[in-house]
Amino acid sequence: MDQLRALKYFSATAEAGNFTSAAKRFNVPASSISRRIADLEASLGAQLLTRTTRTVALTEVGQQYLHQINTILDQLEQSDKAVKEYQATPKGRLKISAMVGFGEQILLPILDEFSALYPEILLDVVLSDELSKLDRDDVDIAIRGGFAPDERVVAIHLMDNHFIAAASQKYLQIHGVPSSTIELKEHKGLYFKTPMGPTPWLSEIQGQWQDVSAPSALTTNNGKWLARKAIGGVGIVMMPRWVLQPYFDSNELVELKFQEPLSITQNQHLGVYMLYQKLGYATPKVKAAVDFIAARVKGS
């Protein structure tokens, strides 16, 4: 027996005083209403209604039972209404995990505008270079760099993530400008440390990929400190273009260009991806954030 439906039928019948009116409300035959209530009475072992050919009336126990279930049905209706409203309006806690550098430089500045547009969304933003699993870490949206993920999630390509070499004029004046990638081995390296270790310097030379990493002068997972060290002339740094571009614009760093391909991996399709669960996009808060971030980042 569908007890919830039986309760609704019983409440409507008690309010209308007959099966016919209750049946019209639910667009079912009056016999279905009567049969459901009879099954409910049988399961309870109590008679809730006294029946005549045209009307019904509550028994004493039926009156008590009606009062109790109406409270439950009212609460259920309010809960249903709240869920529907929640699904219609972007609101609630939204957890976003993003790489530290991307978060500080690109994501956080645009989230102020997002919060102004969607004041009922409570942002919970975690900046970390540790990889986030959406299901494991209870994250609605994850932004990370690398290759297109093979997780069972939706991945939106936000931007390229090509690593390039850079140094300050001060460093180049003292140590010289490398004319080929193989000469990088003779310089001083500043390395960004990922959760999997420092990023290597790889170059394709005469059809073969080789490690052209320079001896390390510094290894850290703090991108800002790494950039400051490069500006100070400590060594050559390799980081994504979107990280280094502000330093190029201010003439604090100079891009080093080579004929040979230079990267941190042989795979040249590095990118920054926004990840989310496919079903999560049906939630207004996730849809609003995904659409907003994609529009702002890809449009910049």
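For the structure itself, consult the block above.
Residues numbered from 1 in each chain as written. Predicted model: local features only at pLDDT ≥ 70, side-chain atom pairs only at ≥ 80, totals over all residues. Heavy atoms only, no water.

Enquirer: In this structure, what is going on with the overall build of the chain? I would like to understand it.
Expert: Per the secondary structure count, the chain includes nine helices and 16 strands. For the chain, whose C-alpha radius of gyration is 32 Å, the value lies well above the compact-globule estimate of 19 Å for 300 residues. Once the C-alpha set of the chain is aligned to its principal axes, its extents read approximately 105 × 40 × 30 Å. Taking all 300 residues of the chain together, 41% fall into the buried category. In the chain, the share of contacts with a sequence separation of at least 24, taken over all contacts with a separation of at least 6, comes to 71%. Within the chain, the 32 negative side-chain charges are centred at a point lying 5 Å from the centre of the 31 positive side-chain charges. (Helix = DSSP H or I, 4+ residues; strand = E, 2+ residues; numbered from the N terminus. Rg over C-alpha atoms; globule rule 2.2 N^0.38 Å. Buried < 20%, exposed > 50% of the residue type's maximum accessible area, 1.4 Å probe, protein only. Contact = heavy atoms within 4.5 Å. Lys, Arg positive; Asp, Glu negative; His and termini not counted. Charge placed at Lys NZ, Arg CZ, Asp CG, Glu CD.)

Enquirer: Honestly, the side chain of Thr-220 in this entry has me stumped. Any pointers?
Expert: Inspection of the secondary structure assignment puts Thr-220 in strand S12 (residues 216-220). Apart from residues no more than four positions distant in its own chain, Thr-220 is found in contact with Tyr-191, Phe-192, Lys-193, Trp-225 and Leu-226.

Enquirer: Quick question: what am I supposed to make of helix H7 (residues 223-231) here?
Expert: Side chains that are three or four residues apart share a direction in an α-helix, a result of its 3.6 residues per turn. Residues Leu-226, Ala-227 and Ala-230 constitute the buried set of H7. Mapping the buried residues of H7 onto a view down its axis gives an arc of 100 degrees, with all of them on the same face. In this structure, the buried residues of H7 make contact with strand S8 (189-194), S12, strand S13 (236-240) and helix H8 (241-249). Its side-chain oxygen 3.2 Å from the backbone nitrogen of Lys-224, Asn-222 forms the N-cap of H7. (Arc of directions from axis to C-beta. Polar contact = N/O pair within 3.5 Å; in protein donor to acceptor, adjacent residues only side chain to side chain.)

Enquirer: Even after reading the chapter, I still don't get the pattern of salt bridges, so can you show me in this structure?
Expert: Oppositely charged side chains may form a pair once their charged atoms are brought near each other. In the structure shown here, the tally under the stated rule is nine salt bridges. With a shortest N-O distance of 2.6 Å, Arg-296 and Glu-113 are connected by a salt bridge. You can see Arg-296 sitting in helix H9 (residues 284-298) and its partner Glu-113 sitting in helix H5 (residues 100-117), a full 183 residues away along the chain. Its relative accessible area of 32% is what places Arg-296 among the partly exposed residues. (Salt bridge = Lys/Arg side-chain N within 4 Å of Asp/Glu carboxyl O.)

Enquirer: Hey, could you run me through the packing of helix H2 (residues 19-26) against helix H3 (residues 30-44) in this one?
Expert: Two quantities define a packed helix pair, namely the angle between the helix axes and the distance between the axes. It is at 8 Å that the axes of H2 and H3 come closest, and there the two elements cross at 105 degrees. In terms of axis orientation, H2 runs roughly perpendicular to H3. The segment H2 lies against H3, with Phe-19, Thr-20, Ala-22, Ala-23 and Phe-26 engaging Ala-30, Ile-33, Ser-34 and Ile-37. Counted by class, the contact of H2 with H3 contains seven nonpolar, two polar and no charged residues. (Axes fitted to C-alpha atoms, helices over the stretch in contact; angles between N-to-C directions. Parallel < 35°, antiparallel > 145°, perpendicular 65-115°, else oblique. Nonpolar A, V, L, I, M, F, W, Y, C, P; charged D, E, K, R; others polar.)

Enquirer: Looking at this model, I keep getting lost on the nonpolar core. Mind explaining?
Expert: The nonpolar side chains of a soluble globular protein tend to be buried, and buried together. With 43 residues, the main nonpolar core has Phe-102 and Ile-143 as its most contacted residues. At eight residues, H9 tops the list of elements feeding residues into this core. The residues touching Phe-102, leaving out its near neighbours within four places in the chain, are Leu-107, Ile-143, Leu-158, Met-159, Trp-242, Val-272 and Val-297. (Core = buried A, V, L, I, M, F, W, Y, C linked by side-chain atoms within 4.5 Å.)

Enquirer: Help me out: how do you make sense of the environment of Ala-88 in this one?
Expert: Relative to the elements of secondary structure, Ala-88 occurs in helix H4 (residues 60-88). Judged by relative accessible area, which is 60%, Ala-88 ranks as exposed. Residues Ala-88 and Pro-284 lie 196 residues apart in sequence; the distance between their C-alpha atoms is 6.7 Å.

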